[in-house]
Amino acid sequence: MPENKFLKDVELIPYKLKLEGDSIRFTVKGSIPIESILTPKNPKVSLKFRAEQNQLDLGEIELKRNVANYEYEKKFALKFESWMAGASLEVSFFQGKKEGSQAQEMQILAKGVIAPQLMVKLGEVYPDEPIPLVGLFITTGSRVKEIARKEEFALMFDPGDSEYKSSIANQETLKRIDAFLEANPEVQEIKITGIQSPEVSEGKNSTLGMTRAQSVKKALGPRVNSIPEASLKMDSRWNDWFDLRLLLRDYKGISTNRKDELYAILMNQETYLEQSERLKKVPGFSQVAQDLFPKLRVAKVEITAKPRAGLNMQQSMKLKEALSNTNGKNELSFGEWSLAAEATQSLEEKAAIYSKMTELFRSPLPYNNMAVVRIRQAQRTLDQGSKEVLWEEALRLLVQAYRIEPTPHSLHNQGQILAFQGDFWGAYKKLSDASAMTLNPDFLQHNEALRGALDILRGDYKLATLRFEYSFTDPKDFFNKGLAYFMIGDYANATMAFEESVVQDREFGYGYYGLAMIAAIGGQSEVALIHLKKAISANRQLAERSYQDPLFEELRKSQEFFTEIAVD
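The rules we used
- Residues numbered from 1 in each chain as written.
- Predicted model: local features only at pLDDT ≥ 70, side-chain atom pairs only at ≥ 80, totals over all residues.
- Heavy atoms only, no water.
- Helix = DSSP H or I, 4+ residues; strand = E, 2+ residues; numbered from the N terminus.
- Buried < 20%, exposed > 50% of the residue type's maximum accessible area, 1.4 Å probe, protein only.
- Contact = heavy atoms within 4.5 Å.
- Lys, Arg positive; Asp, Glu negative; His and termini not counted.
- Charge placed at Lys NZ, Arg CZ, Asp CG, Glu CD.
- Pairing = 2+ DSSP bridges.
- Axes fitted to C-alpha atoms, helices over the stretch in contact; angles between N-to-C directions.
- Phe/Tyr/Trp six-rings, centres within 6.5 Å; stacked < 30°, edge-to-face > 60°.
- Lys NZ or Arg CZ within 6 Å of the ring centre and 35° of its normal.
- Salt bridge = Lys/Arg side-chain N within 4 Å of Asp/Glu carboxyl O.
- Expected span 1.5 Å × (residues − 1).
- Polar contact = N/O pair within 3.5 Å; in protein donor to acceptor, adjacent residues only side chain to side chain.
- Core = buried A, V, L, I, M, F, W, Y, C linked by side-chain atoms within 4.5 Å.
- pLDDT = per-residue confidence, 0-100.
- Parallel < 35°, antiparallel > 145°, perpendicular 65-115°, else oblique.
- Left-handed = near helix turned anticlockwise from the far one by under 90°.
- Nonpolar A, V, L, I, M, F, W, Y, C, P; charged D, E, K, R; others polar.

The next point concerns the overall build of the chain. Looking only at helices and strands, the chain has 22 helices and 13 strands in total. The C-alpha extent of the chain, read off along each of the three principal axes, is 100 × 70 × 45 Å. When each of the 568 residues of the chain is scored for burial, the buried share is 49%. Here the contacts in the chain between residues at least 6 apart in sequence split such that 66% fall between residues at least 24 apart. Averaging the coordinates of the 74 positive side-chain charges in the chain and doing the same for the 78 negative ones gives two points 1 Å apart.

In this section: the sheet that holds strand E10 (residues 149–156). The sheet built from 4 strands is open, its strands ordered E10-E13-E11-E12 with mixed pairing. Both edges of this open sheet fall to E10 and strand E12 (232–237), since each of them pairs with a single strand only. Each adjacent strand pair in this sheet contributes to an overall mean axis angle of 20°, direction not counted. Along the sheet face, helix H2 (residues 208–220) touches E10, strand E11 (186–195), E12 and strand E13 (298–306) and points at about 145° away from the line of E12.

Within this structure, the stated rule accounts for 20 aromatic pairs. Between Trp-241 and Tyr-272, the ring centres sit 4.6 Å apart and the planes meet at 20°, which makes this aromatic pair stacked. Remark: Tyr-272 occurs in helix H6 (residues 272–280) and Trp-241 occurs in the loop between E12 and helix H4 (242–249); sequence separation between them is 31 residues. Residue Trp-241 shares its accessibility class with Tyr-272, and that shared class is buried. Plain terms: the ring middles of Phe-486 and Tyr-491 are 5.5 Å apart, the flat faces sit at 55° to each other, and that makes the pair tilted. When its relative accessible area of 6% is taken as the criterion, Phe-486 is described as buried. Through successive ring pairs, a cluster of aromatic residues spans Phe-468, Tyr-470, Phe-472 and Phe-478. Across the ring face of Phe-137, the terminal group of Lys-350 is positioned such that the distance to the ring centre comes to 5.2 Å. Arg-451 extends its terminal NZ or CZ atom over the ring of Tyr-428, reaching a point 5.5 Å from the ring centre.

Our focus in this paragraph is the pairing of E13. The buried fraction of E13 is high, at 9 of 9 residues. Side chains of E13 alternate between two faces, with Val-298, Lys-300, Glu-302, Thr-304 and Lys-306 and Ala-299, Val-301, Ile-303 and Ala-305 buried alike. Strand direction decides the pairing type here: E10 and E13, joined by 8 bridges, are antiparallel. Within the sheet, the bridge partner assigned to Glu-152 lies in E13 and is Glu-302. In this structure, E11 lies alongside E13, joined through 8 bridges in antiparallel fashion. Bridging across to E13, Glu-186 finds its partner in Lys-306.

Inspection of the secondary structure puts Asp-460 in the loop between helix H15 (441–458) and helix H16 (461–467). A C-alpha to C-alpha distance of 22 Å links Asp-460 and Asp-549, two positions 89 residues apart in sequence.

A separate point is the pattern of salt bridges. Counted under the stated rule, the structure contains 31 salt bridges. One connected set of salt bridges, linked through shared partners, spans Glu-448, Arg-451, Asp-455, Arg-458 and Arg-467.

Before going further, it helps to spend a moment on helix H17 (residues 475–487). With 13 residues, H17 extends 18 Å from end C-alpha to end C-alpha; this agrees with the ideal 18 Å at 1.5 Å per step. The backbone nitrogen of Lys-476 has a side-chain oxygen 2.9 Å away, supplied by the residue at the start of H17, namely Asp-474. Immediately beyond the C-terminal end of H17, within one or two residues, lies Gly-489, with a positive phi of roughly 80°.

Taken in spatial order, the 4 strands of this open sheet run E5-E4-E8-E9, and their pairing is antiparallel. Each edge of the open sheet carries a strand with a single partner, namely strand E5 (55–60) and strand E9 (105–111). Sheet twist, expressed as the average angle between the axes of neighbouring strands with direction ignored, equals 20°. Where strand E8 (residues 88–94) and E9 come together, 6 bridges link them in antiparallel fashion. Paired with Val-91 across the bridge in E9 is Gln-107.

Among the structural elements, Gln-416 can be located in helix H13 (residues 408–420). Look past the residues within four positions of Gln-416 in its chain and what remains in contact with it is Leu-122, Val-134, Gly-135 and Leu-450.

An α-helical turn contains 3.6 residues, so a residue and the one three or four places further along point in the same direction. Over its 13 residues, H13 extends 19 Å from the first C-alpha to the last, a length consistent with the 18 Å expected when each residue adds 1.5 Å. Counting buried positions over the 13 residues of H13 gives 13, a clear majority of the element. Just downstream of H13, Gly-422 is the residue with a positive phi angle, here 90°.

Turning next to the nonpolar core. Ranked by internal contacts, the top residues of the largest apolar core, which has 52 residues, are Ile-456, Tyr-513 and Met-517. Among the elements that take part in this core, helix H19 (residues 510–521) stands out by supplying 8 residues, more than any other. Ala-322, Leu-332, Leu-347 and Phe-420 belong to the second-largest nonpolar core, a separate cluster that totals 33 residues.

Moving on, we come to the environment of Asn-413. Turning to its location among the elements, Asn-413 is positioned in helix H13. Each C-alpha atom of the pair Asn-413 and Ile-375 lies 8.6 Å from the other, and the pair is 38 residues apart in sequence. Among all residues touching Asn-413, those that are not within four sequence positions of it are Gly-135, Leu-136, Asn-368, Val-372, Ile-375 and Leu-398.

With that settled, the discussion passes to the side chain of Asn-539. Within the fold, Asn-539 resides in the loop between helix H20 (525–538) and helix H21 (541–548). Look past the residues within four positions of Asn-539 in its chain and what remains in contact with it is Glu-129, Phe-508, Gly-509 and Tyr-510.

The next thing to look at is the confidence of the model for the chain. On average, residues of the chain score 88 in pLDDT, and 95% of them are at 70 or above. Across residues 142–146, where pLDDT falls below 50, the model places 21 contacts with residues more than four positions away in sequence or in other chains.

Here we take up the packing of H4 against helix H5 (residues 256–266). Packed helices, taken two at a time, are described by the angle their axes make and the gap between the axes. Across the interface, H4 lies against H5 with an axial gap of 11 Å and an inter-helix angle of 160°. Between H4 and H5, the angle falls in the class roughly antiparallel. Considering only the axes of H4 and H5, their crossing is left-handed. Contact with H4, carried on its side by Arg-245, Leu-248 and Arg-249, involves Lys-259, Leu-262, Tyr-263 and Leu-266 of H5 and no other residues of that element. Classifying every residue of the contact of H4 with H5 by side-chain character gives 4 nonpolar, no polar and 3 charged.

Written out as structure tokens, the structure reads:
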């Protein structure tokens, strides 16, 4: 392409487009030279926002003639539309008397829009991703079968040793594992990750972590022997500061400034050995090593399991009879009906039970819970019309539940539906009213997480960070928390939140994507590529985004980007 003569001074301020609130705001300025040979005739400068399927003509920019040039400057504020995320901002130069002639010069000022806040998770379903659980059931206080619990345990090893020893500490850990499995006998997954410390006594054998994991698998014995092979995952980490970063978060042995200095080293793009040498030079690191390195001689056991709940055989027969009767005969209590509905994983069975309960009992529970069933059924259909029908029915049920007795659950669920429908302000009001009705920490955790996600979309990022001060277990909540901190430039807290999202579920992928964003912002291209590769390997939906995201524009100029994150 020949070099532009008339558009060579064009400038975009800021130099990348960024979504702020619901708008994109920018300024285009520049000058067109006037020389005896290059004097433009009837010059015009125009702007377009163009994508494959859409385009927006932003019109001409007024030119002001001076002695040596034409100058121009214009501010723009565009209401953001989804197609703009992958669009290009193009400036064109025309001259001559003919209208509609081809542009003599054209230049792309920006590609895409920086809008990480739009990645916020509200519970929507995306292809190739697990269907998220949305909506809050009113429960009877019994165990809720559908809610999976996840807990992590650490079994210790002697320096440099991979043989499991039945120490007092390890015996106590096994007791806690047994207690967890007793309370949650339906095991979904057990993951054992062997780790080794940077200590000299741990040696340079990269297989030590995996042999520790194998040793713990053997020590767990029947606890893991009965679960399917696909549900038991083995892994190891070596020459990796990931686990030290996790321990540093709660470490109180050094000042915050020193801790930030350590984080800066741990997150730079140097090699493991180079980072190791730099860490040793930080005052106080010897104490950190003394306190925390022994905690890395471990194998971590992460268990995801559900509690068991339900009716006995006699109660189940009575339930079947009551469901088939049309004369109103019923021998089960309200609590037994509720327990039966909570125990089944089938949405159809839940719907049948809650529907019958609305005939037998005047309570908000069956109406609210029937609405949650409809919300989750809407999650499982791809047809938008069907979704809308199910949401409308759910809203009618929730209004009826609230008339019988106002509960925060009914308001939360209304807020969830409104969020799906794009009525973010209406959703926010419902969730705010729900939070004011209860002090229950479990409810507030779920309600404030959704409320915080809406804060991010509303552009109130600082307030959003306050919504996430709960002990979450869902990787999407940690990802949303990281987004909130990322948007205010607090990359240290954003990093911790994204890492916690990875800890909760490496296959979720978004935590890695968040870490890649932070690395790209800091100019750490190698680190960004590593995280992007992991993100896309875990979640193919992130591949297309990474090819459009302006945050990775510099990365995309390198061959490594296309070779490292290539997916089949």
